[in-house]
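# Analysis of the macromolecular model
Letter by letter, the chains look like this.
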Amino acid sequence: MSEYDKVDRSEAVTAPCLILVQDLVAMRFRFSWDADAADLMYLAKDTGKISGVSAPHYVNGAPYKTLVGTDGAISQAACKTKGGNYFTLTLQLPQVKLTDQSHRNDIEKFMRAFFPATVKTLGCA
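Calculation notes
Residues numbered from 1 in each chain as written. Predicted model: local features only at pLDDT ≥ 70, side-chain atom pairs only at ≥ 80, totals over all residues. Heavy atoms only, no water. Core = buried A, V, L, I, M, F, W, Y, C linked by side-chain atoms within 4.5 Å. Buried < 20%, exposed > 50% of the residue type's maximum accessible area, 1.4 Å probe, protein only. Helix = DSSP H or I, 4+ residues; strand = E, 2+ residues; numbered from the N terminus.

### What to know about the nonpolar core
Ranked by internal contacts, the top residues of the largest apolar core, which has 23 residues, are Phe29, Phe31, Trp33, Phe87 and Leu89. Among the secondary structure elements, those contributing two or more residues to this core are strand S2 (15-21), strand S3 (24-34), strand S6 (72-81), strand S7 (84-92) and helix H2 (104-120). Of all the elements, H2 adds the most residues to this core, at 4 residues. Counting 8 residues, the second-largest nonpolar core is a separate cluster that includes Leu43, Ala44, Leu67 and Ile74.

### Section: unusual backbone geometry
Located in the positive-phi region is glutamine 22, a residue other than glycine, with phi close to 50°. Mapped onto the elements, glutamine 22 comes out in the loop between S2 and S3. Since its relative accessible area comes to 74%, glutamine 22 is described here as exposed. For alanine 55, which is not a glycine, the phi torsion comes out positive at approximately 50°. If you trace the backbone, alanine 55 turns up in the loop between helix H1 (40-44) and strand S4 (57-58). By relative accessible area, alanine 55 is classed as partly exposed at 37%.

Dropping the structure here:
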């Protein structure tokens, strides 16, 4: 397993992070800082490779605005940093088949743990 990471939390510049297993992308993250809140459903339905998530649904009761799909998730928090007022994290799992519904609960559990822990590292004002 290896990591390709262009994220610099102190500079708060939008960047990718890839987790590779045997030279295949197992997890693709996009760390993004913006002045305004993003429309997560719009991002998820984007046909590009940056934030697309298949069959997205909002998660009720999550501590942050979160949507989960069959092959990834997107979460967002108000987070005032030098990069903007909002932090958005996209998780994509390119090895998961778009019609495979079996990973949705695991993706949600992962984001419920990973996203708040990531936000804590950002030094939000």
